[in-house]
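Survey of secondary and tertiary structure
The residues making up each chain are set out below.
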Amino acid sequence: MNDKLVFLGLLYFVQGIPYGLQSSLLPVYLRGAGHSLTRIGFTKILYFPWVLKVLWAPLVDRVGTKRRWLVGTVSGLALTCLTSSTLAPEAHIWGVAGTLLAMNTLASVQDIAVDGAAVGLLKGRGELGLGNSAQVVGYKAGSVFAGGGLLAVIDVAGWNWMFMLLTFVYAGVALFVWGAPVLDDEGVRGQQADCSRKGGQGADAVGPWKVWRKLLAVPGTPWTMLYVLTYKLGEQGAVTMFPLFLLDHHMTARELGFWNGIIAMGFSICGSSLGGLLLAQFSIGAMMRRVFVLRTISMVFQSSLLTVLEPSPLMKGMAVLSMSVQHFLGGLITTLTFTTMMYCTQRAEESIQATHYSFLATLEVLGKLMFGALAGGLVDWFGFQVAFLFFLTLSAGTALHVWTATYTGALREHQIKDQPK
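Source: prediction; values computed, not measured. (Residues numbered from 1 in each chain as written. Predicted model: local features only at pLDDT ≥ 70, side-chain atom pairs only at ≥ 80, totals over all residues. Heavy atoms only, no water.)

**Topic: the overall build of the protein**
Along the protein, the regular secondary structure elements total 16 helices and 0 strands. For the protein, buried positions account for 55% of its 421 residues. Here the contacts in the protein between residues at least 6 apart in sequence split such that 86% fall between residues at least 24 apart. (Helix = DSSP H or I, 4+ residues; strand = E, 2+ residues; numbered from the N terminus. Buried < 20%, exposed > 50% of the residue type's maximum accessible area, 1.4 Å probe, protein only. Contact = heavy atoms within 4.5 Å.)

**Some remarks on the packing of aromatic side chains**
Scanning the model with the defined rule gives 8 aromatic pairs in all. A ring pair is formed by F245 and F384, whose centres lie 5.1 Å apart and whose planes are at 70 degrees; its orientation type is edge-to-face. Taken together, the positions of F245 in helix α10 (residues 233-249) and F384 in helix α15 (residues 384-408) put the pair 139 residues apart, joining distant regions of the chain. Of the two residues, F245 and F384, both sit in the buried class. Here a set of aromatic residues connected by ring pairs shows up, and it is made of F242, F245, F384, F388 and F391. Stacked on the ring of W403, the Lys or Arg R289 has its end atom at 5.3 Å from the ring centre. (Phe/Tyr/Trp six-rings, centres within 6.5 Å; stacked < 30°, edge-to-face > 60°. Lys NZ or Arg CZ within 6 Å of the ring centre and 35° of its normal.)

**Topic: helix α9 (residues 221-230)**
Every buried residue of α9 is listed here: T221, W223, T224, Y227 and V228. All buried residues of α9 lie within an arc of 155 degrees about the axis, which places them on one face of the element. (Arc of directions from axis to C-beta.)

**What about a nonpolar patch on the surface?**
Among the surface-exposed residues, V293, L294, I297, W403 and Y407 lie close enough to one another that they form a single nonpolar patch of about 470 Å² accessible area. Sorting the residues of the nonpolar patch by element identifies α12 (284-304) and α15 as the ones contributing at least two each. Counting residues per element, the nonpolar patch draws most heavily on α12, which supplies 3 residues. With respect to the helices and strands, the residue V293 is situated in helix α12. V293 gets classed as partly exposed once you look at its relative accessible area, which sits at 33%. (Patch = residues over 30% accessible without salt bridge, like charges linked within 9 Å, V, L, I, M, F, W, Y side chains within 5 Å. Areas by Shrake-Rupley, 256 points an atom, 1.4 Å probe, with all protein chains shown as cover. Salt bridge = Lys/Arg side-chain N within 4 Å of Asp/Glu carboxyl O.)

**Thoughts on the pattern of salt bridges**
Note on pairing: side chains with opposite charge can pair once their charged atoms come close. Counted by the stated rule, this structure contains 3 salt bridges. Here K232 and E235 are joined by a salt bridge, their closest N and O atoms 2.5 Å apart. Residue E235 is classed as buried on the basis of its relative accessible area of 5%. Between E235 and R295 there is a salt bridge whose closest N-O contact spans 2.9 Å. Pair noted here: E235 is in helix α10 and R295 is in helix α12, with a separation of 60 residues, a long-range link. For the pair E235 and R295, one class covers both residues: buried. The structure contains a network of salt bridges with shared partners spanning K232, E235 and R295.

**Some details on helix α3 (residues 48-62)**
Its axis deflected by about 55 degrees at L55, α3 carries its strongest bend there, up to four residues before the proline P58. Every buried residue of α3 is listed here: P49, W50, V51, K53, V54, A57, V60, D61 and R62. At the exit of α3 stands G64, carrying a positive phi of roughly 70 degrees. (Bend = angle between axes of the 7 residues up to and from the residue.)

**Brief notes about the packing of α12 against α15**
Two elements in contact, α12 and α15, have axes whose closest approach is 9 Å; the angle formed by their N-to-C orientations is 165 degrees. By the angle between their directions, the pair α12 and α15 is classed as roughly antiparallel. In this structure, α12 crosses over α15, and the sense of that crossing is left-handed. Residues G285, M288, R289, F292, V293, R295, T296, M299, V300, Q302 and S303 of α12 form the contact with α15, whose participating residues are F388, F391, L392, S395, A396, T398, A399, V402, W403, T406 and Y407. Class assignment for the residues of the contact of α12 with α15 results in 13 nonpolar, 7 polar and 2 charged. (Axes fitted to C-alpha atoms, helices over the stretch in contact; angles between N-to-C directions. Parallel < 35°, antiparallel > 145°, perpendicular 65-115°, else oblique. Left-handed = near helix turned anticlockwise from the far one by under 90°. Nonpolar A, V, L, I, M, F, W, Y, C, P; charged D, E, K, R; others polar.)

**Some thoughts on the nonpolar core**
Counting residues in hydrophobic clusters, the biggest one holds 75 residues, and the most contacted among them are F7, L21, Y170 and Y227. The dominant element in this core, judged by the number of residues it contributes, is helix α5 (residues 93-121), at 12 residues. By size, the runner-up hydrophobic cluster in this structure holds 27 residues, among which are M241, L246, L256 and A387. (Core = buried A, V, L, I, M, F, W, Y, C linked by side-chain atoms within 4.5 Å.)

**Considering the side chain of S298**
Mapped onto the secondary structure, S298 falls in helix α12. In contact with S298, not counting residues within four places along its chain, are V325, Q326 and L329.

**Some remarks on the packing of α9 against helix α13 (residues 313-345)**
Contact geometry for α9 and α13: axes closest at 10 Å, N-to-C directions at 155 degrees. One element, α9, and the other, α13, form an angle in the roughly antiparallel class. Classified by chirality, the crossing of α13 by α9 is left-handed. Between α9 and α13, the residues in contact are T221, W223, T224, Y227 and V228 and I333, T337, T340, M341 and C344, respectively.

**Brief notes about the confidence of the model for the protein**
Mean pLDDT over the protein works out to 77, with 79% of the residues at or above the 70 mark. Across residues 415-421, where pLDDT falls below 50, the model places 13 contacts with residues more than four positions away in sequence or in other chains. (pLDDT = per-residue confidence, 0-100.)

**Quick notes on the environment of G179**
Within the secondary structure, G179 is located in the loop between α6 (124-178) and α7 (184-201). A relative accessible area of 55% places G179 in the exposed class. Between the C-alpha atoms of G179 and R67, which are 112 residues apart in sequence, the distance is 9.1 Å.

**Some words on the environment of K214**
Following the sequence through the fold, K214 ends up in helix α8 (residues 208-217). As for K214 and I352, which are separated by 138 residues in sequence, their C-alpha atoms are 8.3 Å apart.

So, in structure tokens, the structure goes:
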């Protein structure tokens, strides 16, 4: 099990680097250069390959092995970082945008392969909880490394050396995956699947609509689709906009890089880790019902801080506390969510599991991406206070949706099946 956790955690770590660059480093850089919140919000378009990944997920499912896809995509990320190290963001802003778009494309394909590997590697409730903790913690650690750590040192090291460091990180991980023993059995399964398709059992390869019907027919899929589209909406708006409010009124970019990019994200990692441990003892439904209510309460507290515009040590302390609590609960919810998604996917046929999970993960990204792109415009149009009231309303609505499902919907089934023995 430890080998599986190290393998998955490392791959999700390097997968989180592009997100950290765009979610933490790029917004602060652009805001410092005087760009509007609306324009900063539209940089979310660079995440668009994550929305399209479901289109090529069947290809990853059916062609080659997961090892080859992982080595190929991570090597491509190394080459992309090497290219970006030759650019100056002040003079080549479109070139930088292009390299970040390429990084997102490669990372989205890598995500399909590693998710497919995780579905096959993780067995039983205990492994699912710990494996999804490794997924979320690894991804967020990569985001912290890129968005917090690199933001804190970019003034000293510079853009070029920063991307040279990322080049070596990706190259080392590619070599690690090439020799990773946890995927040895995957090659045998791939050969067996190839033989089955050659024997005439792969008709779905030429019938994509049949594949989609199979995806939607998997038990629990409709509820999970709606949930992953909406569960992060209010939280995403608050997490994206609150640091920019602090940048305008209370904190410098370097302070934000430390408190929001490192400390608060550290709390997020703690929440994600705790989620995996708790899943070995308690049901998903009962945990989600309580955590979503706590998240709504924390957003009430954070929204109240928007009325304090004068910088002060007390305000900074309350702001750091607010971000830390919000990230902790968000990390806990994310682990619970990805475990719920994986439970649902494991009910599907093995031949479509990577596609099914990628489909749910795409909807999860789509929900965050669409609202993240609009959140800046809402603040520009209506102000921070009104926008955060809207974010709070969305969060409360999601809590009600989850609360209902634990008694009458899909989460009630998890509560019954997952009671500790």
